[in-house]
Amino acid sequence: MSATLSYIKKNSPIHKLTGSTKFIFFLVWSLAAMITYDTRVLVGMFLLGVVFFRMSKLTWKDIRFAVLFMVWLIALNLIALFLFSPEQGVGIYGTRTEIVHLFWRYSIIAEEMFYLFNFMMKYLAVIPAALLFILTTDPSEFAASLNKIGVSYKVGYSVAIALRYIPDIQRDFREISQAQQARGIDLSKKDKMVDRLKNSAAILFPLVLSSLDRIEVISNAMELRGFGKNKKRTWIVERPFKKADYVAIGIAVCAMVISMLFIFLNGGRFYNPFV
Amino acid sequence: MEKKSNITIKSIVAIGIGAALFFVAGRFIALPSPVPNTTMNIQYGILSVFSIIFGPFVGVLAGFIGHTLIDLTWGSPWWSWIIASAVFGLIVGLVKKKIDIENGVFGKKEIILFNVTQVIAHAICWIVIASVLDVVIYQEAFSKLVMQSLTAWALNSVTTGVVGTALLFAYAKTRTKAGSLQKED
């Protein structure tokens, strides 16, 4: 499961921020990257994200797989965008500067390349913030963070339950799968397509039905302990905001303001160097 | 006891477990598909089951949380598709009242209703919502989105139809029908 990103405990200024701070930062940051298409803003956000990442003492090894996978996804997207609409950039920037003609309707056009570069930057600008949020936030702090930004604590509790039971359901899945294999159900590629589908059902059914049973058990346990009786609740992991938390949120808000300011200055979401 | 009709303890737990199952199914269970090197997304089948059993409120949040968690463990959330997943859970949940699954009723009529709903829901989510949001947020080319959304719609409808129907059928069998006891002579 090394491919899955999860919390890595370290002692760094980023880790010391509260979960709420990191969550708000991530939300505002990704919203800022979402609304703008301005190259300068996006590149700036990406570089700043890398700086924050360095501050967190996380290593390249921690994120290598995730980053390579994202790069692969972005590359696929870029190729698809180019294949399906090689002139998209021309429509956006209003000019057409052909560099090399390739074949049929495909050419290397400066505007299109610039558009694709921006598309890529839009993702790259968010990735460091998202990675920081996942890798430096203790999952048990998450429900408290959601509650703090105004989400009902009951919904926050749903998220906490999801995080709590993912490992359990994964373990169930493995156990059921091994039990069925011991009974002679083949899931490897040696079997025929139709049989493999049928065999997958032999795992899926017990998994889903046992999960539905689990809902009864958990909700009864919570009911017995009086969950949801009051409108508010306290959290054992909640920490008060410190100076660094206000600074971090301030930075995210600045990014948002700058992002909107540039939309206003450019008279649109795109920065157009071609005019 | 004061209690809002939709936020019961059971629905809170169902959202959490539903999201966790959605996550595990989307992330680790890869069903083989006829096209080489591709796998089918069975998580929508599972989500539709949760929507039918627990209703739209559970569906929308389980879809949203589950999909966000999947995306976060890959590195970056793709909001347009996350929202589409959430809306799928919502729309399927709207027919909960028409399908009395708790009393084990899941016959021909219910199967048809369920499948028509899920195909329409997938169409709304992938062809309309995901595409519109991709254009608004990412300014993607329209022709690429047409191909992408039609593929997603077709694949997801088929897997949801197969997995969702089978799971609901199995679940209905575990429930006791109303009036199923008969007095012996």
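The rules behind each value
Residues numbered from 1 in each chain as written. Chains lettered and ligands numbered in written order. Predicted model: local features only at pLDDT ≥ 70, side-chain atom pairs only at ≥ 80, totals over all residues. Helix = DSSP H or I, 4+ residues; strand = E, 2+ residues; numbered from the N terminus. Rg over C-alpha atoms; globule rule 2.2 N^0.38 Å. Buried ≥ 20, exposed ≤ 12 C-beta atoms within 10 Å, placed from the backbone. Axes fitted to C-alpha atoms, helices over the stretch in contact; angles between N-to-C directions. Left-handed = near helix turned anticlockwise from the far one by under 90°. Contact = placed C-beta atoms within 7 Å. Nonpolar A, V, L, I, M, F, W, Y, C, P; charged D, E, K, R; others polar. Parallel < 35°, antiparallel > 145°, perpendicular 65-115°, else oblique. pLDDT = per-residue confidence, 0-100. Domains from an automatic or database assignment. Core = buried A, V, L, I, M, F, W, Y, C linked by C-beta atoms within 7 Å.

A. Representation of the overall build of chain A in the model. When its secondary structure is counted, chain A shows ten helices and two strands. Helices and strands appear in chain A in the N-to-C order α-α-α-α-α-β-β-α-α-α-α-α. Computed over the C-alpha atoms, the radius of gyration of chain A is 24 Å, more than 25% above the 19 Å expected from 2.2 N^0.38 for a compact globule of 275 residues. Taking the principal axes of the C-alpha coordinates as reference, chain A spans close to 65 × 60 × 35 Å.

B. Local environment of the environment of Ser152(A). Residues and elements named next belong to chain A. Inspection of the secondary structure puts serine 152 in the loop between helix 7 (139–148) and helix 8 (153–182). The class of serine 152 is partly exposed, set by 14 C-beta atoms lying within 10 Å. In sequence terms serine 152 and alanine 201 are 49 residues apart; their C-alpha atoms lie 36 Å from each other.

C. Structural context of the packing of helix 2 (residues 19–35) of chain A against helix 7 of chain A. Residues and elements named next belong to chain A. Viewed as axis vectors pointing N to C, helix 2 and helix 7 meet at an angle of 65°, and their least axial separation amounts to 8 Å. The handedness of the crossing between helix 2 and helix 7 comes out as right-handed. Across the interface between the two elements, Gly19, Ser20 and Phe23 from helix 2 touch Glu141, Phe142, Ala144, Ser145 and Lys148 from helix 7. Grouping the amino acids of the contact of helix 2 with helix 7 by side-chain chemistry returns three nonpolar, three polar and two charged.

D. Representation of the interface of chain A and chain B within the structure. Counting residues at the interface gives 54 residues for chain A, matched by 45 residues for chain B. Listed by contribution, the elements that provide at least two residues to the side of chain A that touches chain B are helix 2, helix 4 (60–84), helix 5 (88–93), helix 6 (110–136), helix 8 and helix 9 (193–224) of chain A. Tallying contributions element by element places helix 9 of chain A first for the side of chain A that touches chain B, with 17 residues.

E. Looking closely at the packing of helix 1 (residues 9–28) of chain B against helix 2 (residues 43–54) of chain B. Residues and elements named next belong to chain B. Where helix 1 contacts helix 2, the axes come no closer than 9 Å and their chain directions differ by 165°. Considered as vectors, helix 1 and helix 2 are oriented roughly antiparallel to each other. The element helix 1 and its partner helix 2 pack so that their crossing is right-handed. Along the contact surface, helix 1 presents Ser11, Ala14, Gly18, Leu21, Phe22, Ala25 and Gly26, while helix 2 presents Gln43, Ile46, Leu47, Phe50 and Phe54. For the contact of helix 1 with helix 2, the class distribution of residues is eight nonpolar, four polar and no charged.

F. Representation of the confidence of the model for chain A. Summarising the model, chain A shows a mean pLDDT of 84, and 96% of its residues fall at 70 or more. Within chain A, helix 3 (residues 39–55) of chain A carries the highest mean pLDDT (91), whereas strand 1 (residues 98–103) of chain A carries the lowest (80).

G. Structural detail: the domain arrangement of chain A. Domain annotation for chain A reports domain 1 (13–138 + 242–266) and domain 2 (145–224). The gap between the C-alpha centroids of domain 1 of chain A and domain 2 of chain A is 34 Å.

H. Highlighting helix 7 of chain A. Residue and element names in this part refer to chain A. Of all ten residues that make up helix 7, eight are buried, and the element is covered over most of its length. In this structure, the buried residues of helix 7 make contact with helix 2 and helix 8. Trailing helix 7 by a residue or two, glycine 150 shows a phi angle of about 105°, which is positive.

I. Up close: unusual backbone geometry. All names here are of chain A. Even without being glycine, lysine 57 reaches a positive phi, approximately 65°. Inspection of the secondary structure puts lysine 57 in the loop between helix 3 and helix 4. Note on lysine 57: 15 C-beta atoms within 10 Å, which makes it partly exposed.

J. Molecular detail of the nonpolar core. Core analysis: the biggest nonpolar cluster contains 112 residues, and Ala162(A) and Ala20(B) have the highest contact counts within it. Setting aside its immediate chain neighbours within four residues, Ala162(A) contacts Gly16(B), Ala19(B), Ala20(B), Ile65(B) and Leu69(B). Counting residues in each nonpolar core, the second largest holds six residues, with Leu81(A), Tyr115(A), Phe119(A) and Tyr138(B) among its members.

K. Quick peek at the environment of Asp168(A). Residue and element names in this part refer to chain A. Along the chain, the position of aspartate 168 falls in helix 8. The partly exposed category is assigned to aspartate 168, around which 14 C-beta atoms lie within 10 Å. In this structure the C-alpha to C-alpha distance between aspartate 168 and serine 211, which are 43 residues apart in sequence, comes to 9.9 Å.

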